Amino acid sequence: MSIKTILACLTSESSADAVMTAACALARRHDAHLIGLRTIEALMVYPGIALHIPDSAHDDYGSSQLEQTEALKAVFEKYTHAEQFVSEWRTVRTGMAMAADRIAESAGCADIVVIAGGGTDIHQSADMKLLETVIHDSGRPVLVVPPTARPDTLGRSVLIGWNGTREAVRAAHDVLSLLQEGDIAHIVHVNDSSHGADQDATSRELAAAFARHGVETTLVQKTWTHPGVATALNKEAFERGADMIAIGAFGHSRAYDFIIGTATRDLLGRSNLPVLFSR
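## Description of the overall build of the protein
Right, so step 1: From N to C terminus, the protein includes nine helices and ten strands.
Right, so step 2: Considering only residue pairs separated by 6 or more positions, the protein has 81% of its internal contacts joining residues 24 or more positions apart.
Right, so step 3: For the protein, the exposed surface amounts to about 13,600 Å²; the carbon and sulfur share of it is 52%.

Next up, the structure:
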């Protein structure tokens, strides 16, 4: 079953081209309905802070938000005006909610969400929190596109990070909706160094399931120590010429994620390729 509704989230002018290039590539290939989404947050004033915010500050903030919205809409229309697939623009005011919450709500009726990554400085930025919330709460596969990426193809050669968990299963089957007969799936089973390198039986079963859809598969077994899964997957994707990585996201509790860190967070900050996160 192919995708038919794509939600492209435009959060900044610096990353809009990357998001639209990826979203249009998918919409064109699957003849999908493409929705461009811009969320406008209110200027938040927190109680207990003894600071008067003048009316001019509210006006200036509102004007800047509207100007940026118009600029993002212009980018959306630049990419979609000559396309044959159906497209529409939506502007959503968040009210008292955060932008990430409204994006997660809007994602509920989409087959896939396309959103920009934050680049190498994401660990020190608010972008990480937004991406984590959308991936964690939307219930939909989220394709995170690096701001410098301009993918010519998406979904023709996909690298799947596989470990047999529920999240990995979701990622594998979510990415299957992007694949067509003759496309390639590189199934990479990444082991902790303490588990040896025996081929995982579920990897072979997954490859057989993909083959029934006409998808070519390769099986790869990797053992890692340091710096971790993200580096191993990025290296393997580059060597195999993949145009996308797919991986299960946040397989631990939020407390574990906060204290220890995960492959999800590493890939959000370290991948040069679009990454499909499923949960």
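## Points about the layout of surface pockets
Right, so step 1: Of the volumes computed, that of the second largest pocket is approximately 450 Å³.
Right, so step 2: Together, 23 residues line the second largest pocket, and Thr11, Glu41, Ala99, Asp127 and Leu130 are the ones closest to its centre.
Right, so step 3: For the lining of the second largest pocket, the elements supplying multiple residues, two or more each, are strand 2 (33-40), helix 2 (55-80), helix 3 (99-106), strand 4 (112-116) and helix 4 (126-137).
Right, so step 4: Here the lining of the second largest pocket is built from residues that sort into eleven nonpolar, eight polar and four charged.

## What to know about the packing of helix 3 against helix 4
Right, so step 1: Running from amino to carboxyl end, helix 3 crosses helix 4 at an angle of 30°, the nearest separation of the two axes being 9 Å. By the angle class used here, helix 3 and helix 4 are roughly parallel. For the crossing formed where helix 3 meets helix 4, the hand is right-handed. Note on element contacts: helix 4 touches helix 3 through Leu130, Thr133, Val134 and Asp137, opposite Ala99, Ala100, Asp101, Ile103 and Ala104.

## Brief notes about helix 4
Right, so step 1: An ideal rise of 1.5 Å per residue puts 16 Å on twelve residues; helix 4 measures up with 17 Å between its terminal C-alpha atoms.
Right, so step 2: Among all positions in helix 4, only Met128, Leu130, Leu131, Glu132, Thr133, Val134, Ile135 and His136 are buried.
Right, so step 3: Remark: Gly139 follows helix 4 within two positions and exhibits a positive phi of approximately 75°.

## Examining unusual backbone geometry
Right, so step 1: The phi dihedral of Asp31 falls on the positive side, at around 50°, and the residue is not glycine.
Right, so step 2: For Asp31, the location among the structural elements is in the loop between helix 1 (13-30) and strand 2.
Right, so step 3: Using a relative accessible area of 54% as the deciding quantity, one classes Asp31 as exposed.

## Here we look at the pairing of strand 6 (residues 157-162)
Right, so step 1: Of all six residues in strand 6, six are buried, a share of seventy percent or more.
Right, so step 2: Taking every second residue as pointing to the same face, both faces of strand 6 are buried, with Ser157, Leu159 and Gly161 on one and Val158, Ile160 and Trp162 on the other.
Right, so step 3: Pairing of strand 6 with strand 9 (residues 244-248), which is carried by three bridges, proceeds in the parallel orientation. In the strand pairing of strand 9, Leu159 is matched with Ile245.

## Points about the pattern of salt bridges
Right, so step 1: Summed over all chains, the structure comprises nine salt bridges.
Right, so step 2: Where Arg28 meets Glu83, a salt bridge forms, and the shortest distance between an N and an O atom there is 2.6 Å. Of this pair, Arg28 sits in helix 1 while Glu83 is found in the loop between helix 2 and strand 3 (87-93), placing the two residues 55 residues apart along the sequence.
Right, so step 3: For Arg28, a relative accessible area of 48% corresponds to the partly exposed category.
Right, so step 4: The salt bridge partner of Asp183 is Arg29, with a shortest N-O separation of 2.8 Å. Taken together, the residues Asp183 in the loop between helix 5 (166-176) and strand 7 (184-192) and Arg29 in helix 1 connect sequence positions 154 residues apart.
Right, so step 5: Note on Arg29: relative accessible area 17%, which makes it buried.

Here is what the cut-offs are and how they apply
Residues numbered from 1 in each chain as written. Predicted model: local features only at pLDDT ≥ 70, side-chain atom pairs only at ≥ 80, totals over all residues. Heavy atoms only, no water. Helix = DSSP H or I, 4+ residues; strand = E, 2+ residues; numbered from the N terminus. Contact = heavy atoms within 4.5 Å. Areas by Shrake-Rupley, 256 points an atom, 1.4 Å probe, with all protein chains shown as cover. 1 Å grid on protein atoms, 1.4 Å probe; cavity = no way out; pocket = protein on both sides within 12 Å on 5 of 7 lines; lining within 4 Å. Points joined across faces, edges and corners; volume = space filled by probe spheres on them. Nonpolar A, V, L, I, M, F, W, Y, C, P; charged D, E, K, R; others polar. Axes fitted to C-alpha atoms, helices over the stretch in contact; angles between N-to-C directions. Parallel < 35°, antiparallel > 145°, perpendicular 65-115°, else oblique. Left-handed = near helix turned anticlockwise from the far one by under 90°. Expected span 1.5 Å × (residues − 1). Buried < 20%, exposed > 50% of the residue type's maximum accessible area, 1.4 Å probe, protein only. Pairing = 2+ DSSP bridges. Salt bridge = Lys/Arg side-chain N within 4 Å of Asp/Glu carboxyl O.

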